[in-house]
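As a plain string of letters, each chain reads:
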Amino acid sequence: MGKYTSLSEAINDLTKKGYTYNFNIKEDCIECAENQNQLQPEEFLIDEKHRFQEMSDVDNESVLYAISSKGGKLKGCW
C-alpha cells in the first residue's frame with residue numbers, strides 16, 4: 001500500500017493497478033453503474049484504504065477504498 005499525498009495521486013496509481021471501476025454505496029450492497037453489477041458485502045474485499053484531509057479545512061476529510069470482487073473480475077474505488 002503506497003503513501004499518497006493527494007486523492008488524485010491515489011486514484012491515478014490505483015487505476016494503473018487495475019482499479020478502473022467506480023463503486024457507489026447502496027443500502028445493502030455496492031454498485032458499479034458502468035456495468036450494472038451489484039456486490040453484496042460477502043462478495044467483495046477492501047484491498048486498501050486511504051484517508052486525505054484538506055489542510056485548509058480539518059473537517060473536510062476524504063476516504064478512498066480500493067475494492068475487488070472475491071473472484072477478482074471487478075476492481076475499482078469507492
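Description of the structure in this document. (Residues numbered from 1 in each chain as written. Predicted model: local features only at pLDDT ≥ 70, side-chain atom pairs only at ≥ 80, totals over all residues. Heavy atoms only, no water.)

The next thing to look at is the environment of alanine 10. Here alanine 10 lies in helix α1 (residues 7–16). The class of alanine 10 is buried, set by a relative accessible area of 0%. Residues alanine 10 and phenylalanine 52, 42 residues apart in the sequence, show an inter-C-alpha distance of 9.9 Å. Ignoring any residue separated from it by four or fewer positions in sequence, one finds alanine 10 in contact with Tyr4, Phe52 and Leu64. (Helix = DSSP H or I, 4+ residues; strand = E, 2+ residues; numbered from the N terminus. Buried < 20%, exposed > 50% of the residue type's maximum accessible area, 1.4 Å probe, protein only. Contact = heavy atoms within 4.5 Å.)

Moving on: the environment of tyrosine 19. Inspection of the secondary structure puts tyrosine 19 in the loop between α1 and β1 (21–25). Accessibility expressed as a relative area gives 9% for tyrosine 19, which makes it buried. With 56 residues separating them along the chain, tyrosine 19 and lysine 75 place their C-alpha atoms 4.5 Å apart. Once you skip the residues sitting within four places of it in the chain, tyrosine 19 turns out to touch Leu14, Asp47, Ala66, Ile67, Lys75, Gly76 and Cys77. At 2.8 Å, the side chain of tyrosine 19 forms a polar contact with the side chain of aspartate 47. (Polar contact = N/O pair within 3.5 Å; in protein donor to acceptor, adjacent residues only side chain to side chain.)

The next subject is the pattern of salt bridges. Taken as a whole, this structure holds four salt bridges when the rule is applied. A salt bridge links glutamate 48 to lysine 17, with the nearest nitrogen and oxygen atoms 3.9 Å apart. With glutamate 48 in strand β4 (residues 44–54) and lysine 17 in the loop between α1 and β1, this residue pair connects regions lying 31 residues apart in the sequence. Two residues, lysine 26 and glutamate 31, come together in a salt bridge whose shortest N-O distance is 3.4 Å. Looking at glutamate 31, the relative accessible area reads 17%, which means it is buried. Overlapping salt bridges, with partners in common, bring together Asp13, Lys17 and Glu48 in one network. (Salt bridge = Lys/Arg side-chain N within 4 Å of Asp/Glu carboxyl O.)

Residue position: serine 68 is located in strand β5 (residues 57–69). Since its relative accessible area comes to 9%, serine 68 is described here as buried. At a separation of 2.8 Å, a polar atom in the side chain of serine 68 contacts the side chain of aspartate 47. Setting aside anything within four residues of it in sequence, one finds serine 68 in contact with Glu43, Phe44, Leu45, Asp47, Leu74 and Lys75.

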